[in-house]
Amino acid sequence: MLLPIITYPHKLLKSVSTDVAMFDTQLHTFLDNMYETMISSNGIGLAAIQVAMPIRALILCIPDEEGNQDPSNILEIINPRIANPIGKTTYQEGCLSVPGFYEDIERYEALTLHYHDRHGKECVLEANELLSIAIQHEMDHLDGKLFIDHLSYSRRKKFEKEHKKALKEKK
Ligand code: Y12
Ligand code: CO
């Protein structure tokens, strides 16, 4: 089932999501629906709050070298915690909740991620490159933060002006 994706400036995007406590069939169905929603929107990452569910869950499906998203590469990440962040890297990020806007954002280059899978099993993952960036982008959503919240004052002003114009043109 496709879920509606909420977009900026929806106030729910500012919510701090709460830990998942039950790793049950309801959670599994929700994660399956998130995956269908993300793929049908050409996304590579989606946090639960983007479909108006304030729980600490996110999914990622990083494309391979040919740009294909293999379902076997899906990562379901629940109650994540970052350890050992190292280095800095900049990447032009986009977000399904801020459609049509892309900005250079600085992130940690590599990190260790501790999280639970859909069954509640504890997992550890070493991430770098695009995976590391995507994890940080999606984890920001769990704390009510968007990539545009990382912009400088002047870049944010410019974004708001362009966004206002884009909304007007959509009407
Ligand atoms: C690096 C940087 C950011 C992330 C977070 C995940 N972001 C996305 O999955 C963004 C998807 C996206 C898809 C769009 O739609 C199409 O390309 C057809 C899009 O375009 C428009 O909205 C017009 C924008 C963003 C992971 C890794
Ligand atoms: Co996003």
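Heads up: the structure comes first, above all this text.
What counts as what
Residues numbered from 1 in each chain as written. Chains lettered and ligands numbered in written order. Predicted model: local features only at pLDDT ≥ 70, side-chain atom pairs only at ≥ 80, totals over all residues. Heavy atoms only, no water. Core = buried A, V, L, I, M, F, W, Y, C linked by side-chain atoms within 4.5 Å. Buried < 20%, exposed > 50% of the residue type's maximum accessible area, 1.4 Å probe, protein only. Helix = DSSP H or I, 4+ residues; strand = E, 2+ residues; numbered from the N terminus. Contact = heavy atoms within 4.5 Å. Pairing = 2+ DSSP bridges. 1 Å grid on protein atoms, 1.4 Å probe; cavity = no way out; pocket = protein on both sides within 12 Å on 5 of 7 lines; lining within 4 Å. Points joined across faces, edges and corners; volume = space filled by probe spheres on them. Nonpolar A, V, L, I, M, F, W, Y, C, P; charged D, E, K, R; others polar.

## Some words on the nonpolar core
Ranked by size, the top nonpolar core spans 18 residues in total, and within it Leu60, Ile77, Leu113, Leu131 and Ile135 carry the most contacts. Top element by residues in this core is helix H2 (residues 129-142). It accounts for five residues. Dropping the residues within four chain positions of it, leucine 113 is found in contact with Ile77, Pro80, Arg81, Ile82, Cys123, Val124, Leu125, Ile135 and Met139. Membership of the second largest hydrophobic core comes to 15 residues, among which are Leu27, Ala48, Ile55 and Ala57.

## Some thoughts on the pairing of strand S3 (residues 75-93)
With four bridges connecting them, strand S2 (residues 57-60) and S3 associate as antiparallel partners. Bridge assignment links isoleucine 59 to a residue of S3, and that residue is glutamate 76. Pairing of S3 with strand S4 (residues 103-116) involves 11 bridges; the strand directions are antiparallel. Each bridged residue has a counterpart across the sheet, and for alanine 83 the counterpart in S4 is threonine 112.

## Some details on the layout of surface pockets
Of the volumes computed, that of the largest pocket is approximately 430 Å³. Ile44, Gly45, Glu93, Gly94 and Cys95 are the residues nearest the centre of the largest pocket, which is lined by 20 residues in total. Put simply, the parts of the chain that give the lining of the largest pocket at least two residues each are S3 and H2. Counting residues per element, the lining of the largest pocket draws most heavily on H2, at five residues. For the lining of the largest pocket, the class distribution of residues is 10 nonpolar, eight polar and two charged.

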